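So the chains spell out like this:
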Number of protein chains: 2
Amino acid sequence: MPTQAIAQMPGADHHHAGLNHLATPCLVLDRQRLDANIEDMAQRLAALGVAFRPHAKTHKCIEVATRMEKAAGFSGLTVSTLREAEFFAAAGFRDLLYGVSISPDKFARASALLAAGIKLTLVLDTEEVCERLLNCLADAKLRARVMIEIDADGHRAGLEPDDPTLLRIATQLTASPYSDFAGIMVHAGESYGCYGADAIAAHAERERAAAVAAAQMLRDADIEVPVVSIGSTPTARFARDLSGITEARPGVFAFYDLVMAGIGACDRNEIALTVLTTVISHKPSHRRLIIDAGGLALSKDRGTATQREDCGFGLIVSSDGARVYEGLCVNRANQEHGIIELPKHYELEEFPIGSRLRVLPNHACMTAAAHDGYQVVEGCEATGEYWQRCNGW
Amino acid sequence: MPTQAIAQMPGADHHHAGLNHLATPCLVLDRQRLDANIEDMAQRLAALGVAFRPHAKTHKCIEVATRMEKAAGFSGLTVSTLREAEFFAAAGFRDLLYGVSISPDKFARASALLAAGIKLTLVLDTEEVCERLLNCLADAKLRARVMIEIDADGHRAGLEPDDPTLLRIATQLTASPYSDFAGIMVHAGESYGCYGADAIAAHAERERAAAVAAAQMLRDADIEVPVVSIGSTPTARFARDLSGITEARPGVFAFYDLVMAGIGACDRNEIALTVLTTVISHKPSHRRLIIDAGGLALSKDRGTATQREDCGFGLIVSSDGARVYEGLCVNRANQEHGIIELPKHYELEEFPIGSRLRVLPNHACMTAAAHDGYQVVEGCEATGEYWQRCNGW
């Protein structure tokens, strides 16, 4: 491999302690990068004066959550499934925001957590669910914290900030003896589609403005709005002003990934998660490496396909994490086969059968979810620790 | 919903026993369709005179494998990971073909299965791995069945049928006291990119011809080639002649999916696997349903994106399986949110919050892998059975 094609990744250690004892494919989590990512995000949010309620959907892991818990401004976790809520509650995390609209079929499981004394906050955005939830809580003689989701950018769910329904639901939640109206939350999903610090900062400002406008509308009606919560890693990292916001719920910042790097929300050398893989065959006629990380181990997420640089199913890094192989990516992904087509400046012999590579993921949340847990490394040394994930629903 | 928009799916029962007690999102497996798919494939292959070695990578499930074991011509399972091999071996399946190139890092686990008396067949396509494997087997005083992978269509791994390396490896395997040369295998991956019975049959013929040519080259050199094995559901289903082939390894036929329907390899009403989901919110301003099956529950596989009909992240069926909602698909998939944009001829009120839908998957292997197991139904009635999967590596 020609030297000019090698980009050194700062922070990577150059002796090769090797991860060769690990069965592949597997997730490798760099604890130093993880810690740096947590520290950076917590400090930024602290400087902006908002609490840190990281989203656990990316890592789904007690050990990662425990590290976040020690960071500045930590105010509890956000979760994306009730299974996560149950998992983290069992591990002692008692302040949990279930960040997906609660639906009637899930009332019973949510109620069980409330009955167990968990400070579980629920989210909704329709009057209908609000009424049904309050009836259910009344029947069970339980009281829940409830937030209303606001839509800042037409991306997904949530009420428009000026929708009169917002006031009606907030009034109902404030009046009921079975709920505490906890505030409003918004997620700037569209920020994933822009590029660079200025554009992300503009999205962050739109997200902030939508949240603050919604809160103001309610306060004008004498409704208390204790929490005004924003989401999204890019906006949390690049916001310049979060006046009026009380907490942020970034998720993917813990690991980062190529989609985040592709919009300029992180550097590639901040990505803490890779998939360790083995070269299992060569196909000389097609100048092709076959690796044992295919669509299942990497996920089929092609989030970089529409970005400036299409990273295929992931970019290739040396097994010690020290080198990014310029121009190499997983071009195709069958279920258990990944295919890397070698550009001209590489030879098959540089990647012997049995040798190890690491793949930077397009979308860390999706890639991580294909695995049971993380092999934890420090730089290029395996620590021997294995941290389990909580997958499923 | 206007009546003309409803396509009735034959075989679906019209009373609504309901799956409402199931927590969503979850995989729903229709046992009647599964059994019909198994029976159809086994009968076709029997009529063509080849053994049935179904690929377990789609289902990864003991109960499904057990049903396949009873079908005509069953000759053992194909597996895609050593974890599957260990899982099925522990359940009594003793004749297993590990259908992905074995690499040196996996010798120890494979050897453990051989030492336990499992009839495990390994696959390789390089002289280097062959030598290293034979050395390893010699050290362990074990004997393995080994096949050589042939490439019929440039799709993935394998030797060209006329590559002289083939003869060298086969000679080595035949001569060694530590291996039985079991034969050759081929997988016509390119058949997924064509359309219709005639085109698939042409791919099947190319696959057959490549396999037979490779076998003939070896036989001309006085090497016995006991097994000549082809893969792929489309080619196994639409092959018109399999002269010279001894076994077939179809996988996705058990469940089928929209990619298979999109190439004409099955009808939509043969798809046995769906994801049950709940409508968790409405966004009236965007005529949008929010469902609790997002990218994790459905997978991010967009295999239909390049087909005649792009099915988004899956087509929508009523919860009793009786109706395909014409023109409805999951348009976007965030991690735990699926978004369905309603075309003009539907109203939000037809899909109340809390109601259930089912999503036909683009790619059953990928969708199933996101879940721990299957909720088993017969038509529209839940049987109460839950069949576990073996995920991971």
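What counts and what doesn't
- Residues numbered from 1 in each chain as written.
- Chains lettered and ligands numbered in written order.
- Predicted model: local features only at pLDDT ≥ 70, side-chain atom pairs only at ≥ 80, totals over all residues.
- Heavy atoms only, no water.
- Buried < 20%, exposed > 50% of the residue type's maximum accessible area, 1.4 Å probe, protein only.
- Helix = DSSP H or I, 4+ residues; strand = E, 2+ residues; numbered from the N terminus.
- Pairing = 2+ DSSP bridges.
- Contact = heavy atoms within 4.5 Å.
- Buried area = accessible area lost by both parts, 1.4 Å probe.
- Salt bridge = Lys/Arg side-chain N within 4 Å of Asp/Glu carboxyl O.
- Polar contact = N/O pair within 3.5 Å; in protein donor to acceptor, adjacent residues only side chain to side chain.
- Phe/Tyr/Trp six-rings, centres within 6.5 Å; stacked < 30°, edge-to-face > 60°.
- Expected span 1.5 Å × (residues − 1).
- Least-squares fit on C-alpha atoms with pLDDT ≥ 70 in both.
- Arc of directions from axis to C-beta.

Participant: Mind showing me how you'd approach the pairing of strand E18 (residues 373–378) of chain A here?
Facilitator: All names here are of chain A. Most of E18 sits out of view: five of its six residues are buried. When E18 meets strand E19 (residues 381–388), the two strands line up antiparallel, connected through five bridges. When the sheet's bridge partners are listed, Gln375 is paired in E19 with Tyr386. The hairpin turn running from E18 into E19, its antiparallel successor, is two residues long, and Gly379 in that turn takes a positive phi close to 60°.

Participant: Mind showing me how you'd approach the interface of chain B and chain A here?
Facilitator: Where interface size is given, it is often the accessible area lost as the parts come together that is meant. Tallying the contact residues gives 60 residues for chain B and 60 residues for chain A. Regarding the contact of chain B and chain A, the summed buried area is about 4700 Å², with carbon and sulfur atoms giving 54% of it. It is Arg156, Gln335 and Trp393 of chain B that lose the most area in chain B upon contact with chain A, and together they represent 17% of the buried surface on that side. Applying the counting rule to chain B against chain A returns twelve salt bridges. As a salt-bridge pair, Asp301 of chain A and Lys300 of chain B come within 3.6 Å of each other at their nearest N and O atoms. Summed over the shared surface of chain B and chain A, the result is 31 residue pairs in polar contact (both at pLDDT 80 or more).

Participant: Would you take a moment to explain the packing of aromatic side chains for this structure?
Facilitator: When we look at a pair of aromatic rings, we describe it by the centre distance and by the angle of the planes. Going through the model one piece at a time under the given rule, you end up with 14 aromatic pairs over all chains. Look at Tyr325 of chain A and Phe351 of chain A: their rings are 5.2 Å apart centre to centre, the planes differ by 70°, and that puts the pair in the edge-to-face class. On the criterion of sequence distance, the pair formed by Tyr325 of chain A in strand E14 (residues 323–329) and Phe351 of chain A in the loop between strand E16 (338–341) and strand E17 (356–360) is long-range, its members being 26 residues apart. There is no split in this pair, since Tyr325 of chain A and Phe351 of chain A are both buried. Here Tyr325 of chain B and Tyr346 of chain B contribute two aromatic rings whose centre-to-centre distance is 6.2 Å and whose plane-to-plane angle is 70°, an arrangement assigned as edge-to-face. Remark: Tyr346 of chain B occurs in the loop between strand E16 (338–341) and strand E17 (356–360) and Tyr325 of chain B occurs in strand E14 (residues 323–329); sequence separation between them is 21 residues. According to the relative accessible area criterion, Tyr325 of chain B is buried, its value standing at 10%. With a relative accessible area of 0%, Tyr346 of chain B lands in the buried category.

Participant: Looking at this structure, I do not really get the environment of Pro234 of chain B. What am I missing?
Facilitator: Its place among the elements puts Pro234 of chain B in helix H8 (residues 233–238). Taking the C-alpha atoms as reference points, Pro234 of chain B and Pro104 of chain B, 130 residues apart in sequence, are found 32 Å from one another.

Participant: What's the story with helix H6 (residues 164–175) of chain B in this structure? I'm lost.
Facilitator: In an α-helix, one turn spans 3.6 residues; hence positions three or four apart end up facing the same way. Between its first and last C-alpha atoms H6 of chain B spans 17 Å; for twelve residues at 1.5 Å apiece the expected length is 16 Å, and the two agree. Residues of H6 of chain B that are buried in the fold lie against strand E6 (119–124), helix H5 (127–140), strand E7 (144–150), strand E8 (179–186) and helix H7 (196–220) of chain B.

Participant: Sorry, what's going on with the relation of the copies chain B and chain A here?
Facilitator: Two copies of the chain are present, and they differ by a rotation about an axis and a shift along that axis. Least-squares fitting of chain B to chain A yields an RMSD of 0.0 Å, with the superposition described by an axial translation of 0.0 Å and a rotation of 180°. Taken together, these values place the two copies in the relation of a two-fold axis. Within chain B, Lys300 of chain B has its C-alpha nearest the rotation axis, a separation of 2.6 Å.

Participant: Explanation requested: helix H6 (residues 164–175) of chain A in the structure shown.
Facilitator: Residue and element names in this part refer to chain A. All of the buried residues in H6 are Thr165, Leu166, Ile169, Ala170 and Leu173. Looking straight down H6, one finds its buried side chains confined to an arc of 130°; they lie on one side. In this structure, H6 carries Pro164 and Ala175 as exposed residues pointing more than 90 degrees from its buried face. Residues of H6 that are buried make contact with strand E6 (119–124), helix H5 (127–140), strand E7 (144–150), strand E8 (179–186) and helix H7 (196–220).

Participant: In this structure, what is going on with the pairing of strand E11 (residues 273–283) of chain A? I would like to understand it.
Facilitator: The side chains of a regular strand alternate, first on one face of the sheet and then on the other. Residue and element names in this part refer to chain A. Burial within E11 is extensive, with eleven of its eleven residues counted as buried. Here four bridges tie strand E2 (residues 26–30) to E11, and the two strands are oriented antiparallel to one another. Directly across from Leu29, in E11, lies its bridge partner Leu273. Linkage of E11 to strand E12 (residues 288–291), two consecutive antiparallel strands, is achieved through a turn of four residues, within which Arg287 is found at a positive phi near 45°.

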